[in-house]
Amino acid sequence: MSFVKGLQCRECGRQYPATLQAGCEDCFAPLEVHYDYAGIAHAVTREIIGSRPGNLWRYRELLPLEADPVVGLATGWTPLVRADRLAKKLGLAHLYLKNDNVSFPTLSFKDRVTSMAVNKAIEFKLEAVGCASTGNLANSVAAQAAAAGIPAYILIPESLERSKVTATQIYGARVIAVRGNYDDVNRLCAQIAERHPWGFVNVNLRPFYAEGSKTMAFEIAEQLGWKAPTSIVVPMAGGALISKIHKGLGELESIGLLKEPVTTKLYGAQAAGCNPIVDAVRRKSIDIRPVKPNTIAKSLAIGNPADGYYASGFIQKTGGWADDATDPEISDGIQLLAETEGIFTETAGGVSIAVTKKLIESGHIDREGVTVIAITGNGLKTPDAVPFESPEVIDAKIDSFEQVLKGVAHVA
Amino acid sequence: MSLKVVIPTPLRKHTAGAEIVEVDAGTVKEVIDRLESKHPGIRNSICDDTGGLRRFINVYVDGEDVRFLDNLNTPAKDGSEIAIVPAISGGK
């Protein structure tokens, strides 16, 4: 039993029952899950949520699942890390990192959305699941499908990092590499979804799948003591995560769980080599001009972002802003985070750190407020993004070691 | 010039369920004109009130998004495949 009232078109408002459907039949716009918020407000309190296990199902009233979840039982509730050393470097008073680096089971925030999607696929009794992916989604769908015992078909761009391909194949998923970029893969996926009776997490399961992203916002607010932060910096590819963070904070406020009104400004981060949403925000527009991606941040390389229109709208509506980072800036961002906080993030996290720095310098982010940066994936997935030279090799002699130490500042 | 147009499921209510419609046209705009004369009402599902493509509809000529080409004026060769695909989300 859930509090879902149904699906509703984000553009024309047409309502649909909560079934498998990719978009509105009239205008093809995305569908949004609608809930009985009065019922939810009556059913949950901060105390009830606080007493539940540390996973994303602690917010189950705000998620579109009818039965109890079967997979993803340990997904969510990642640490919100206070980052004083990085804050000092950046010139911020209060900085937190939402660390989905350590998300279960596949070390990226995508575990949140696949938990929703695969459980929903089970509920709909689908014979297989599939997705188009830039890597993290592929890893996560494959893992959750394996745990559920459902076959998975994963379509990826052929240029994907080898480590992410292996981390998908290992789960027994059928991986198909497609010549072209993510946007080509996504188009093919949409066409496959029309022919085969599978649950494509980013096509016909999408309205449900995307709801999982809200849990990042729920957790941030709860971990801050049921308060929304001043600023949240979010990496953007398709633009879905930042849009759902906006929805999630709004829901917590509307059902009365927050101690203060939400005034959070949303800040979007993209790679300079794939920045269609940033470009729209800079033009103060919601009109997205698609691009051909060229960036090391492959998990963000979506040139035709389906939620870009909404993402740029929410960013501007909340008084936030967006910026982009070049490939060297992304590598520097990864390194800065690792050296100051001991957290090794993948390229998308490097984008977030680099862009946060720029948004502070340009005066967009309030230095005195509470800032949260979404760190959405683990650096072990893209180790080649930070090219280090091989370490020096010495003989196994104490003199050789002492020779190396010469000139190291902190050694007396 | 004969072109093959791939119709997505939500638009097949206009084409009596046909997935492929063959038309003679030299540009994407002409493709839509011919589709409309064969299957009245379909244009309104592809184009908005200003005559441009709807925000959540992508049109591809031989796999290339027409927004990277010349939008509705994009030429189509004999034997080209025109795919009409509703936009879908992915990634972050």
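See the structure above.
The rules behind each value
Residues numbered from 1 in each chain as written. Chains lettered and ligands numbered in written order. Predicted model: local features only at pLDDT ≥ 70, side-chain atom pairs only at ≥ 80, totals over all residues. Helix = DSSP H or I, 4+ residues; strand = E, 2+ residues; numbered from the N terminus. Rg over C-alpha atoms; globule rule 2.2 N^0.38 Å. Buried ≥ 20, exposed ≤ 12 C-beta atoms within 10 Å, placed from the backbone. Contact = placed C-beta atoms within 7 Å. Pairing = 2+ DSSP bridges. Axes fitted to C-alpha atoms, helices over the stretch in contact; angles between N-to-C directions. Nonpolar A, V, L, I, M, F, W, Y, C, P; charged D, E, K, R; others polar. Parallel < 35°, antiparallel > 145°, perpendicular 65-115°, else oblique. Left-handed = near helix turned anticlockwise from the far one by under 90°. Core = buried A, V, L, I, M, F, W, Y, C linked by C-beta atoms within 7 Å. Right-handed = clockwise from strand over helix to strand, strands pointing away.

### Concerning the overall build of chain A
Reasoning step 1: Scanning chain A from N- to C-terminus turns up 15 helices and 13 strands.
Reasoning step 2: Its C-alpha atoms give chain A a radius of gyration of 21 Å, near enough to 22 Å, the size a compact globule of 412 residues would have.
Reasoning step 3: Across its three principal directions, the C-alpha atoms of chain A cover 75 × 50 × 45 Å.
Reasoning step 4: Looking at chain A as a whole, 55% of its 412 residues qualify as buried.
Reasoning step 5: Summarising the internal contacts of chain A: among those between residues at least 6 apart in sequence, 69% fall at separations of at least 24.

### Some words on the overall build of chain B
Reasoning step 1: Counting its regular elements, chain B contains two helices and five strands.
Reasoning step 2: Written out in order from the N terminus, the α and β elements of chain B read β-β-α-α-β-β-β.
Reasoning step 3: In terms of overall size, chain B behaves like a compact globule, its C-alpha atoms giving a radius of gyration of 12 Å where 92 residues would be expected to give roughly 12 Å.
Reasoning step 4: Overall, the C-alpha framework of chain B stretches about 40 × 25 × 25 Å when taken along its three principal axes.
Reasoning step 5: Residues classed as buried in chain B amount to 38% of the 92 residues present.
Reasoning step 6: By sequence separation, contacts in chain B at least 24 residues apart represent 52% of the contacts at least 6 residues apart.

### Notes on the sheet that holds strand β7 (residues 152-157) of chain A
Pairing between the strands of a sheet comes from backbone hydrogen bonds, and it takes one of two forms, parallel or antiparallel.
Residues and elements named next belong to chain A.
Reasoning step 1: Spatial strand order, β8-β7-β6-β9: four strands in an open sheet with parallel pairing. In this open sheet, the two strands that pair with only one neighbour each are β8 (174-178) and β9 (199-200).
Reasoning step 2: Relative to β7, strand β6 (residues 129-132) runs parallel, the two sharing four bridges. Looking across to β7, one finds that Val129 is bridged to Ala152.
Reasoning step 3: Against the sheet, helix α7 (residues 182-195) engages β6, β7, β8 and β9, with an angle of about 150° to β7.

### Let's talk about the interface of chain B and chain A
Reasoning step 1: The partner chain A presents 36 residues to the 20 residues of chain B that form the contact.
Reasoning step 2: Secondary-structure elements contributing two or more residues to the side of chain B that touches chain A are β3 (57-61) and β5 (81-86) of chain B.
Reasoning step 3: Its residues assigned to classes, the side of chain B that touches chain A comprises 10 nonpolar, five polar and five charged.

### Regarding the packing of helix α5 (residues 136-148) of chain A against helix α6 (residues 162-169) of chain A
Residue and element names in this part refer to chain A.
Reasoning step 1: Running from N to C, α5 and α6 point in directions that differ by 15°, and their axes come no closer than 8 Å. Between α5 and α6, the angle is such that the two are roughly parallel. The hand of the α5/α6 crossing is left-handed. Within the contact between the two elements, α5 uses Ala138, Asn139 and Ala142 and α6 uses Lys164, Ala167 and Thr168.
Reasoning step 2: When the residues that make up the contact of α5 with α6 are grouped by side-chain class, the tally is three nonpolar, two polar and one charged.

### So, the sheet that holds strand β1 (residues 2-6) of chain B
All names here are of chain B.
Reasoning step 1: Pairing is mixed in the open sheet, where five strands are placed in the order β2-β1-β5-β3-β4. The sheet is open, and its two borders are formed by β2 (20-24) and β4 (64-65), each paired with just one other strand.
Reasoning step 2: Here β3 runs beside β5; their pairing, made up of five bridges, is antiparallel. Of the residues in β5, the one forming a bridge with Val59 is Ile84.
Reasoning step 3: Each of β1, β2, β3 and β5 is contacted by helix α1 (residues 28-38), which is oriented at about 115° to β2, the strand it contacts most.

### Here's the deal with helix α9 (residues 214-223) of chain A
All names here are of chain A.
Reasoning step 1: Burial runs high along α9: nine of the 10 residues are buried.
Reasoning step 2: Among all positions of α9, only Lys214, Thr215, Met216, Ala217, Phe218, Glu219, Ile220, Ala221 and Glu222 are buried.
Reasoning step 3: Buried residues in α9 make contact with α2 (46-50), β4 (80-82), β5 (94-99), α4 (110-123), α10 (240-254) and β13 (370-375).
Reasoning step 4: Note on α9: the residue one or two positions beyond its end, Gly225, has a positive phi of about 80°.

### With respect to unusual backbone geometry
Reasoning step 1: A cis amide bond links Phe104(A) to the next residue, Pro105(A), at an omega of 0°.
Reasoning step 2: Here Pro105(A) is to be found in the loop between β5 and α4.
Reasoning step 3: Phi angles above zero are rare outside glycine, and Asp62(B) is one such case at about 50°.

### Considerations on the packing of α10(A) against helix α12 (residues 308-317) of chain A
All names here are of chain A.
Reasoning step 1: In the contact formed by α10 and α12, the axes pass within 8 Å of each other and the chain directions differ by 50°. The angle between the axes of α10 and α12 places the two elements in the oblique class. The hand of the α10/α12 crossing is left-handed. Mapping the contact onto sequence places Ile242, Ser243 and His246 in α10 and Tyr310, Ala311, Phe314 and Ile315 in α12.
Reasoning step 2: In terms of residue class, the contact of α10 with α12 is made up of five nonpolar, two polar and no charged.

### Focus: the nonpolar core
Reasoning step 1: Residues Ala117(A), Val141(A), Ile154(A), Val234(A), Leu300(A) and Val351(A) are the most contacted members of the largest nonpolar core, which totals 146 residues.
Reasoning step 2: Apart from residues lying up to four places away in sequence, Val351(A) is in contact with Pro235(A), Ala269(A), Gln270(A), Ala271(A), Ala297(A), Leu300(A), Ala325(A), Ile330(A) and Gly333(A).

### Topic: the pairing of β8(A)
All names here are of chain A.
Reasoning step 1: Taken together, the five bridges between β7 and β8 define a ladder with parallel strand orientation. By the bridge assignment for β8, Tyr153 is matched with Arg174.
Reasoning step 2: Running through α6, the crossover from β7 to the neighbouring parallel element β8 is right-handed.

### Let's talk about the environment of Glu211(A)
All names here are of chain A.
Reasoning step 1: You can see Glu211 is positioned in the loop between α8 (206-209) and α9.
Reasoning step 2: Judged by local crowding, Glu211 falls into the buried class, with 25 C-beta atoms found within 10 Å.
Reasoning step 3: Glu211 sits 95 residues away from Met116 along the chain, and the two C-alpha atoms are 7.4 Å apart.
Reasoning step 4: Apart from residues lying up to four places away in sequence, Glu211 is in contact with Val33, Leu63, Pro64 and Met116.

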